[in-house]
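Residue strings, one per chain:
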Amino acid sequence: MTEKSGADILIEALSDLGVEVIFGYPGGAVLPIYDAIFKQADKPNAIKHILVRHEQAATHAAEGYARSTGKPGVVLVTSGPGATNAVTGITDALMDSIPMVVITGQVPTALIGTDAFQEADTVGITRHCTKHNYLVKAPETLGSIIHEAFHIATSGRPGPVVVDIPKDVQVATARYESPGPITHKTYRPQTQPDAAKIQEAVDMLAAAERPVFYTGGGIINSGPEASKLLRELAAMTGAPVTSTLMGLGALPASDDKWLGMLGMHGTYEANWAMNKADLIIAFGARFDDRVTGRLDAFAPNSRKVHIDIDRSSVNKNVRVDLPIIGDVGIALREMIDCWKARQHPKPDLTEWWNRINGWRQAKCLDFEEKGDAIMPQRAIRALYEATRHRAPIISTEVGQHQMWAAQHFGFEAPNKWLTSGGLGTMGYGLPAAIGAQLGHPDALVIDIAGEASIQMNIQELATAMQYRLPVKIFILNNEYMGMVRQWQELTYQSRYSESYSDTLPDFVKLAEAYGWKGIKIEGRQELEPGIAEMLAYDGPVLVDCRVAKLANCFPMIPSGAAHTEMMLQAAEVSGEMDDEAKALV
Amino acid sequence: MHIKEETKERHTLAVIVDNEPGILARIAGLFTARGYNIESLTVSEITEDNRISRITIVTSASAAVMEQIIAQLERLVPVHKVTDLTAFGPHVERELALVKVAGTGDHRIEALRLAEVYRARVVDATISSFVFEVTGGSDKIDKFLELMRELGLVEVARTGIVAISRGKEAA
């Protein structure tokens, strides 16, 4: 067997692993790898490289690709600033459990530690924002490290893995052979749940009078089959289902058992159901602070079952009665089988559903419309009505628009909703949409954005143009960092410190400068025609939709409040909070 | 506003890890990143081929945080096994200290006499100083140092705690 350069080994290993797309940006410390990419470009099944305009965008694009396809996202960046720019997206992928492998160039091994040009301690910097990371010191180990990195990124609770490759290792030669399936000596995630515990959970469910399924991103990560099984179990048991931000789409929004999202901006019915439930089963959700509200008041009278692949997620924030470690898809399958085997009849939950339907009467997502201004909620609903038949993939930035999208856009299937949940990264949506469009060339992909967030990775308009990706951006432009302004209204007597989006660009001209189509929507009569114009255009479109400037996102549970202390409308928001409340995030 | 603290309990953990570069930074960094405290940390290779290390960590935490610390440690890729020796039951904890004491006359004689009581060995001596090697539980070493402070303590080096379960089984 002949020896190959480290760069060639890398490309061959990626190819063996089925990688189709790499999101990256070249630089000095990855030139040998870029040369290897160039040389393979004409081969059949060549790996396609997508040139982003900023390394952060490469990571979010990889996340969007991964979240929408279920395959790992792959990123390639240079040493120093290339790697440090990628850190935000790497952390984002860690928080939201997105499978991602990030290849970073490094200065040659002899220069490591000398403060060489474009040197950064990438392995040190990314140690705590990756699931695992590697510094490759010899080309002989590169192939097996790449295979191991993919194994770790995609199995168990998925996450980002960084492989830092010094430039001399990219040039030096060694032999490479695909190692085949990996059996890691220490890393063995438990996927198979304990059968006795599954049976216990099923019996608890059969005996429950007021059950709630609380589902999360784990169901999406487990694969589309898990979503199907969730629907089946919900149908068999009649249990109501709520979901975290990351889990939207697992149960269709049109399902009669769907309560809407729970938590800080969740629905009245979902949060009250959680509060009054006698049994909560968490499927791949992690009891995040945005979900639980004040911990001592969280679902106080319920027994709790927590199914999760990550043991450290269990009992982290909320103590549960029955932890089940394993893949949530397998657990769902076994719960269904066990329910059938034990011949449980469908429980009579009429009384519980009557109470839930009572809470639904609050119509918590309704909003008031005044004058000609477009309410942001109206804009999202109009977008949903105009596009639902095309099952679009929706990405978002972070802020009010993100919560309105989660509340008012109905998701019918998994892998259609791409949002930065855990880290809350502004600038996520456009690159994520680009990644999703690459994974689904024929899909309608829309980034629902705010005028502030979109500017954080606006340079990616060029990336979409270069690869002829017909991505749509729908900006809810209220001229404010709206969520910051909302909190200032709530907590600081409307002292709007630095939350006004001053000196905004002309978004239509900006779009046109990049070769996009730009559309401005102003006033209610322009809303539907503007959306129709966006959808009719065969290519990338940016829509600057001017919405009511001071609208707030409701319902809202203030930080540190209980689920039952939900605010439904603006009149309840005012004043100054005490220091305890101010210290909460 | 004041920041509240929870009641904490002291635990000794044995963490068996793959001896790869950066493993200590991974473990120590996990403690700082998640706000856990480390009272003592020792590490050494324990296999013939030097591929496995045993890290002994003494930490204080509430019961809930303790459960998290163990789960978070187990989640690290190079970690083979985490044992909470405190929860496991009877175990032996030892620490070694090198203690330099300088003085003459009565102080010198008294230091030597106390060293005998504490079964400390003299590993270096000059006309006006001793270096004692003392082994035992942390309390014993603390007590020995307290006495030596009166008699001319100059410098101390302590290894931190190593621990192992009692009985014939591995914990």
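Residues numbered from 1 in each chain as written. Chains lettered and ligands numbered in written order. Predicted model: local features only at pLDDT ≥ 70, side-chain atom pairs only at ≥ 80, totals over all residues. Heavy atoms only, no water.

Colleague: Would you mind showing me how to read the overall build of chain B here?
Modeller: Each helix and strand in chain B was counted, giving 5 helices and 9 strands. Listing every helix and strand of chain B by position from the N terminus yields β-α-β-β-α-β-α-β-α-β-β-α-β-β. By the burial criterion, 41% of the 171 residues in chain B qualify as buried. If you take every contact in chain B between residues at least 6 apart in sequence, the share linking residues at least 24 apart comes to 71%. Total accessible area on chain B stands at roughly 9600 Å², and carbon and sulfur atoms take up 52% of it. A gap of 1 Å separates the mean positions of the 21 positive and 25 negative side-chain charges of chain B. (Helix = DSSP H or I, 4+ residues; strand = E, 2+ residues; numbered from the N terminus. Buried < 20%, exposed > 50% of the residue type's maximum accessible area, 1.4 Å probe, protein only. Contact = heavy atoms within 4.5 Å. Areas by Shrake-Rupley, 256 points an atom, 1.4 Å probe, with all protein chains shown as cover. Lys, Arg positive; Asp, Glu negative; His and termini not counted. Charge placed at Lys NZ, Arg CZ, Asp CG, Glu CD.)

Colleague: Help me out: how do you make sense of the environment of A:Gln407 in this one?
Modeller: Residues and elements named next belong to chain A. Along the chain, the position of Gln407 falls in helix α16 (residues 400-408). Separated by 141 residues in sequence, Gln407 and Gly266 place their C-alpha atoms 7.5 Å apart. Once you skip the residues sitting within four places of it in the chain, Gln407 turns out to touch His265, Leu365, Cys553, Phe554 and Pro555. Within polar-contact distance, the side chain of Gln407 engages the backbone oxygen of Phe554 at 3.3 Å. (Polar contact = N/O pair within 3.5 Å; in protein donor to acceptor, adjacent residues only side chain to side chain.)

Colleague: How should the packing of aromatic side chains be read in this particular structure?
Modeller: On inspection of all chains with the given rule, the structure shows 16 aromatic pairs over all chains. Their ring planes at 90° and their centres at 5.9 Å tell us that A:Phe287 and A:Phe298 sit as a pair that is edge-to-face. Within this pair, whereas A:Phe287 is found in the loop between β12 (279-283) and α12 (289-292), its partner A:Phe298 is found in the loop between α12 and β13 (303-308), the two being separated by 11 residues in sequence. Neither residue differs from the other here; A:Phe287 and A:Phe298 are each classed as buried. For the pair B:Tyr118 and B:Phe144, a centre-to-centre distance of 5.3 Å together with 50° between the ring planes defines the contact as tilted. Placement of B:Tyr118 in the loop between α4 (106-117) and β6 (121-126) and of B:Phe144 in helix α5 (residues 138-150) is noted, with a sequence separation of 26 residues between them. Accessibility classification places B:Tyr118 together with B:Phe144 in one group, the buried group. An aromatic cluster is present here, built from A:Tyr268, A:Trp272, A:Trp352 and A:Trp359 joined pairwise through their rings. (Phe/Tyr/Trp six-rings, centres within 6.5 Å; stacked < 30°, edge-to-face > 60°.)

Colleague: Where do I start with the domain arrangement of chain B in this structure?
Modeller: In many reports, interface size means the accessible area that the parts give up when they come together. All names here are of chain B. If you check the domain split of chain B, you get domain 1 (9-88) and domain 2 (91-164). Summarising the inter-unit geometry, the C-alpha centres of domain 1 and domain 2 are found 29 Å apart. Contact residues are listed per partner, giving 9 residues for domain 1 and 8 residues for domain 2. Buried surface at the junction of domain 1 and domain 2, both sides included, amounts to about 660 Å², of which 53% is carbon and sulfur. Inspection of the region where domain 1 meets domain 2 yields 1 salt bridge. (Domains from an automatic or database assignment. Buried area = accessible area lost by both parts, 1.4 Å probe. Salt bridge = Lys/Arg side-chain N within 4 Å of Asp/Glu carboxyl O.)

Colleague: Sorry if this is basic, but what is going on with the sheet that holds strand β3 (residues 52-61) of chain B here?
Modeller: Across a sheet, paired strands are connected by hydrogen bonds in the backbone, their directions being either parallel or antiparallel. All names here are of chain B. Ordered by their spatial adjacency, 4 strands build an open sheet running β2-β3-β1-β4, and the pairing between neighbours is antiparallel. Each edge of the sheet is formed by a strand with only one pairing partner; in this case those strands are β2 (40-45) and β4 (79-84). The sheet shows a mean angle of 15° between the axes of neighbouring strands, direction not considered. Running over the sheet, helix α1 (residues 23-33) touches β1 (9-18), β2, β3 and β4 and is turned about 10° from β3. Packing of helix α2 (residues 63-75) onto the sheet brings it into contact with β1, β3 and β4, and relative to β4 it is tilted by some 160°. (Pairing = 2+ DSSP bridges. Axes fitted to C-alpha atoms, helices over the stretch in contact; angles between N-to-C directions.)

Colleague: Would you explain the UniProt feature "domain: ACT" (unreviewed entry) in chain B in this entry?
Modeller: In this structure's numbering, the residues bearing the UniProt feature "domain: ACT" (unreviewed entry) are residues 12-87 of chain B. The span residues 12-87 of chain B is 36% helical and 38% strand by assignment, and the distance between its end C-alpha atoms comes to 9 Å. (UniProt positions renumbered as here; feature names shortened; annotations may be inferred.)

Colleague: I keep staring at the sheet that holds strand β11 (residues 258-261) of chain A and nothing clicks. Help me out?
Modeller: Residues and elements named next belong to chain A. Ordered by their spatial adjacency, 6 strands build an open sheet running β11-β10-β9-β12-β13-β14, and the pairing between neighbours is parallel. Each of the sheet's edge strands pairs with one partner strand only, and the pair in question is β11 and β14 (322-325). Within the sheet, the average angular offset between the axes of one strand and its neighbour, ignoring direction, is 15°. Looking at chain direction, strand β9 (residues 211-215) and β12 are connected through 5 bridges and run parallel.

Colleague: Hey, could you run me through the UniProt feature "domain: Thiamine pyrophosphate enzyme central" (unreviewed entry) in chain A in this one?
Modeller: Per the UniProt entry, the sites bearing "domain: Thiamine pyrophosphate enzyme central" (unreviewed entry) are residues 198-334 of chain A in this numbering. Counting secondary structure, residues 198-334 of chain A comes out at 36% helix and 20% strand; the distance between its end C-alpha atoms is 7 Å.

Colleague: So what exactly am I meant to see when it comes to the interface of chain A and chain B here?
Modeller: Facing 22 residues of chain A, the contacting portion of chain B comprises 23 residues. For the chain A and chain B pair, buried surface summed over both sides reaches about 1800 Å², with 49% attributable to carbon and sulfur atoms. At the junction of chain A and chain B, the tally comes to 4 salt bridges. Notably, a salt bridge pairs A:Arg311 with B:Glu74, separated by 2.8 Å at the nearest N-O pair. Counting the contacts that link chain A with chain B gives 9 residue pairs in polar contact (both at pLDDT 80 or more). Looking at the side of chain A that touches chain B, the elements that each hand over two or more residues are β6 (132-135) and α22 (579-582) of chain A.

Colleague: Would you explain the nonpolar core in this entry?
Modeller: Soluble globular proteins tend to bury their nonpolar side chains together. Residues and elements named next belong to chain A. Membership of the largest hydrophobic core comes to 72 residues, with the highest contact counts inside it found for Phe213, Phe283, Met335 and Phe474. Top element by residues in this core is helix α13 (residues 328-341). It accounts for 7 residues. Split by domain, this core shows at least three residues from each of two domains, domain 2 (195-360) and domain 3 (376-553). With near-sequence residues (within four places) excluded, Phe474 lies in contact with Ala379, Leu383, Ile446, Asp447, Ile448, Ala449, Ile521, Leu527, Ile531, Met534, Val543 and Cys545. In this structure, Ile50, Val102, Ile393 and Tyr428 belong to the second largest nonpolar core, which totals 45 residues. (Core = buried A, V, L, I, M, F, W, Y, C linked by side-chain atoms within 4.5 Å.)

Colleague: Got a minute to help me understand the pattern of salt bridges in this structure?
Modeller: Should the charged atoms of two oppositely charged side chains come close, the side chains can pair. Following the criterion strictly, the structure yields 36 salt bridges over all chains and no others. Salt-bridge contacts for A:Arg290 lead to A:Asp289; the nearest nitrogen and oxygen are separated by 3.1 Å. In this structure, B:Lys143 engages B:Glu146 in a salt bridge whose closest nitrogen and oxygen atoms are separated by 3.3 Å. Placement of both B:Lys143 and B:Glu146 in helix α5 is noted, with a separation of 3 residues, approximately one turn of the helix. Salt bridges sharing partners connect three or more residues here, namely A:Glu479, A:Asp544, A:Arg546 and A:Lys549.

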